[in-house]
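Single-letter residue listing:
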Amino acid sequence: MDQIVIRGGRPLNGTIPIAGSKNAALPLMAACLLTDETLTLANPPHLADISTMADLLAELGVTVDMDGVSGNGEQAGRVLRLTADGDIGRTAPYDLVRRMRASVLVLGPALARFGEARVSLPGGCAIGTRPVDLHLEALRQLGAEIELEEGYISAKAPDGLAGAHITFPSVSVGASENILMAAVLAEGETQLANVAREPEVSDLAHCLVAMGAEIDGIGTDTLVVRGRTSLHGADYSVIPDRIETGTYAVAAAITGGELRLRNSRMDFLDSVVDTLGRAGVSVTEADGDILVKRTDNRLDGIDVMTEPYPGFPTDMQAQIMALLAVSDGASMITETIFENRFMHVPELNRMGADINVHGSSAIVRGVPELSGAHLMATDLRASVSLVLAGLAAKGETVINRVYHLDRGYERVEEKLAACGAEISRVGG
Ligand code: EPZ
């Protein structure tokens with residue numbers, strides 16, 4: 001298994017290209033099931049999770065073409081073409097779904113298009129049990145018959161889905177996306193209340209509209225969908241990855257350097273920019289790029305609470321914790337979205353951090369410096385927080401199980417090395 005080796009203590013300076021959003025691209029890829037015409041997605045990131053979704057769609061019989069990747073792997077020109085015509089299978093098998101729980105996003109579109117779908121229950125992961133009850137209850141309200149059998153979700157709607165007024169009991173990104181994709185082909189009007197407002201949900205809605213869907217209220221917590229009998233293909237471009245953007249912003253701050261982040265957008269980052277600002281980090285826009293550096297040479301401890309968008313994103317919690325571990329003073333980080341998303345804490349503490357977890361909160365007492373260590377990655381965002389800590393630490397850090405990292409960060413060691421980091425990947 002690959003390892004990442006870092007010798008820390010070097011301020012980063014340079015430019016980093018931001019890729020398309022993983023969490024936008026995954027539902028956008030599933031949306032191809034809603035039409036027999038080609039859905040073309042520009043700016044998809046080149047990540048393990050994207051390959052897994054492509055494998056799943058191909059397993060279902062979707063024609064998947066990826067082209068345009070230039071020799072040096074640069075982002076420019078990469079395009080995904082997906083065509084769900086011909087004989088499309090109805091079963092998303094366990095061995096693919098267990099690799100990536102976002103596979104459950106094929107359930108809604110497949111059921112809406114074909115009247116039936118069978119998807120393995122995704123199961124939990126390191127950060128929580130990750131149930132799908134909100135997905136299934138909402139599909140039932142659209143008229144689906146849902147059975148759980150032998151570890152699979154078996155969904156049927158032989159007469160098609162019927163529009164309904166649905167209020168999600170709690171905010172769920174995936175359930176909002178799954179149900180939106182089902183509703184666009186349901187008969188009549190569907191009203192979805194308490195919908196997740198994450199930019200990735202809006203990106204999906206905009207793509208569905210480009211495919212001929214009728215959706216009002218995009219960007220708010222209430223969507224009104226008027227079902228169509230079919231959708232057509234479309235050419236669509238994936239939004240930049242706001243979490244990758246925030247991650248590299250922390251890399252600039254934690255090393256005391258200055259980074260220029262390219263191909264991204266500030267308008268998805270308000271809560272991250274505000275939080276970094278409170279910690280003593282300046283995030284500004286210049287010539288379409290995002291510039292990040294410390295406001296002056298100190299970082300301040302602050303309190304942070306993760307919340308659904310537009311609040312501070314849970315996917316940035318591990319990264320901000322690494323930064324606050326070397327800030328002046330104490331910080332309290334409260335994780336309100338997932339029940340087990342502090343797996344990075346023991347690993348950061350092995351580097352000399354002073355972090356104590358009390359239920360859903362972690363008290364972080366800043367220390368002057370971290371020390372490199374041998375570490376174990378556990379989940380995607382925990383992994384990258386260890387990279388960030390390693391960039392700032394004295395000495396050498398070795399991170400094992402970096403396949404977690406590859407699920408969500410494209411060429412991370414190349415992007416960081418290009419800005420002066422002493423980082424490399426070694427085959428294990
Ligand atoms: C999406 O996961 C993202 N993944 C996650 O990013 C992100 O952390 C999460 O949204 C929250 O923003 C993708 O978009 C592929 P949820 P999702 O449904 O949809 C509970 C990353 O690092 N819940 O909004 O699975 C759930 O357990 C990943 O890129 C139910 O109880 O998240 C959680 O506590 C990690 N029942 C809360 O809701 C359900 O049916 C929010 O989950 C569904 C969810």
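Provided above is the structure to which this section pertains.
These numbers were taken from a predicted model, which means no experiment stands behind them.

Reading the values: the criteria
Residues numbered from 1 in each chain as written. Predicted model: local features only at pLDDT ≥ 70, side-chain atom pairs only at ≥ 80, totals over all residues. Heavy atoms only, no water. Phe/Tyr/Trp six-rings, centres within 6.5 Å; stacked < 30°, edge-to-face > 60°. Lys NZ or Arg CZ within 6 Å of the ring centre and 35° of its normal. Pairing = 2+ DSSP bridges. Helix = DSSP H or I, 4+ residues; strand = E, 2+ residues; numbered from the N terminus. 1 Å grid on protein atoms, 1.4 Å probe; cavity = no way out; pocket = protein on both sides within 12 Å on 5 of 7 lines; lining within 4 Å. Points joined across faces, edges and corners; volume = space filled by probe spheres on them. Nonpolar A, V, L, I, M, F, W, Y, C, P; charged D, E, K, R; others polar. Axes fitted to C-alpha atoms, helices over the stretch in contact; angles between N-to-C directions. Parallel < 35°, antiparallel > 145°, perpendicular 65-115°, else oblique. Left-handed = near helix turned anticlockwise from the far one by under 90°. Contact = heavy atoms within 4.5 Å. Near = heavy atom within 4 Å. Polar contact = N/O pair within 3.5 Å; in protein donor to acceptor, adjacent residues only side chain to side chain. Areas by Shrake-Rupley, 256 points an atom, 1.4 Å probe, with all protein chains shown as cover. Right-handed = clockwise from strand over helix to strand, strands pointing away. Buried < 20%, exposed > 50% of the residue type's maximum accessible area, 1.4 Å probe, protein only. Core = buried A, V, L, I, M, F, W, Y, C linked by side-chain atoms within 4.5 Å.

*Asks:* Tell me what's going on with the packing of aromatic side chains, and back it up with residues and numbers.
*Replies:* Think of a pair of aromatic rings as described by two things: how far the centres are apart, and how the planes are tilted against each other in angle. One pass over the structure, following the stated rule, counts zero aromatic pairs. For Arg118, the ring lying beneath its charged end belongs to Tyr152, and the centroid distance is 4.1 Å.

*Asks:* Lay out the sheet that holds strand β9 (residues 152–156) in plain terms, naming residues and giving numbers.
*Replies:* Neighbouring strands of a sheet are bound in pairs by backbone hydrogen bonds; such pairs are parallel or else antiparallel. The four strands lie next to each other as β6-β7-β9-β8, forming an open sheet whose pairing is mixed. Each having just a single partner strand, β6 (91–92) and β8 (145–149) make up the two edges of the open sheet. Where strand β7 (residues 116–120) lies against β9, five bridges are found, and the strand directions are antiparallel. Bridge pairing in β9 places Ala117 opposite Ala155.

*Asks:* Any chance you could break down the layout of surface pockets for me, citing the residues and the numbers?
*Replies:* For the second largest pocket, the calculated volume is near 300 Å³. Here the residues of the lining of the second largest pocket sort into nine nonpolar, six polar and five charged.

*Asks:* So what about the packing of helix α5 (residues 133–141) against helix α6 (residues 173–183)? Which residues, and what values?
*Replies:* Running from N to C, α5 and α6 cross one another at 25 degrees; their axes reach a closest spacing of 8 Å. The angle between the axes of α5 and α6 places the two elements in the roughly parallel class. Once α5 is placed against α6, the crossing between them reads as right-handed. For the pair α5 and α6, contact is made by Leu134, His135, Ala138 and Leu139 and by Gly174, Ala175, Asn178, Ile179 and Ala182, respectively. When its residues are assigned to classes, the contact of α5 with α6 shows six nonpolar, three polar and no charged.

*Asks:* Can you lay out the site of the ligand for me, pointing to particular residues and giving the numbers?
*Replies:* If you check the shell around the ligand, you find 22 residues, and the closest are Asp133, Leu134, Ser172, Asp315 and Ile337. Gly174 has a polar backbone atom sitting 2.7 Å from an oxygen atom of the ligand. Interatomic distance of 2.8 Å between a side-chain N/O atom of Arg381 and an oxygen atom of the ligand. Considering the ligand on its own, with 830 Å² of exposed area, one finds that the protein chains cover 85% of that surface. For the shell around the ligand, the elements supplying multiple residues, two or more each, are α1 (22–30), α5, α6 and α12 (380–392).

*Asks:* Before we move on, could you go through the pairing of strand β19 (residues 330–334) and cite the residues and values that matter?
*Replies:* In this sheet, β19 lies alongside strand β18 (residues 303–305) in parallel orientation, the contact comprising three bridges. For Asp303, the partnering residue across the bridge sits in β19 and is Met332. With helix α10 (residues 317–324) bridging β18 and its parallel neighbour β19, the resulting β-α-β unit is right-handed. Both β19 and strand β21 (residues 361–365) contribute to a ladder of five bridges, which runs antiparallel. For Ile333, the partnering residue across the bridge sits in β21 and is Ala362.

*Asks:* Quick rundown of the sheet that holds β18? Include the residues and the values.
*Replies:* Ordered in space as β18-β19-β21-β20, the four strands form an open sheet in which the pairing is mixed. Each edge of the open sheet carries a strand with a single partner, namely β18 and β20 (354–358). In this sheet, adjacent strand axes meet at a mean angle of 15 degrees when their direction is disregarded.

*Asks:* Go over α1 with me, naming the residues and quoting the values.
*Replies:* For α1, the tally of buried residues reaches eight of nine residues, placing the bulk of the element in the interior. Here α1 has its buried residues at Lys22, Ala24, Ala25, Leu26, Pro27, Leu28, Met29 and Ala30.

*Asks:* Break down the nonpolar core for me, citing the residues and quoting the values.
*Replies:* In a soluble, globular protein the nonpolar side chains are often hidden away together inside. Core analysis: the largest hydrophobic core is formed by 82 residues, its most contacted members being Leu33, Leu34, Leu57 and Leu208. Apart from residues lying up to four places away in sequence, Leu33 is in contact with Leu57, Leu60, Val62, Ala84, Ile88, Val106, Pro109, Ala110, Arg113 and Phe114. In this structure, Leu261, Ala389, Ala392 and Ala421 belong to the second largest nonpolar core, which totals 68 residues.

*Asks:* I'd like a description of the environment of Asn297, backed by residues and values.
*Replies:* Examined against the element boundaries, Asn297 turns out to sit in the loop between β17 (289–294) and β18. Taking the C-alpha atoms as reference points, Asn297 and Val281, separated by 16 residues in sequence, lie 9.4 Å from one another.

*Asks:* Describe empty space enclosed by the protein, listing the residues and the values that go with them.
*Replies:* Tallied over the entire structure, the rule returns three cavities of 30 Å³ or more. Here the largest cavity defines a volume of roughly 50 Å³. In terms of lining residues, the largest cavity is bounded by Ser21, Lys22, Asn23, Glu200, Asp241, Arg242, Ile243, Asp315 and Arg381. Taken together, the elements giving at least two residues each to the lining of the largest cavity come down to α1 and α8 (242–255). Residues of the lining of the largest cavity, tallied by class, amount to one nonpolar, two polar and six charged.

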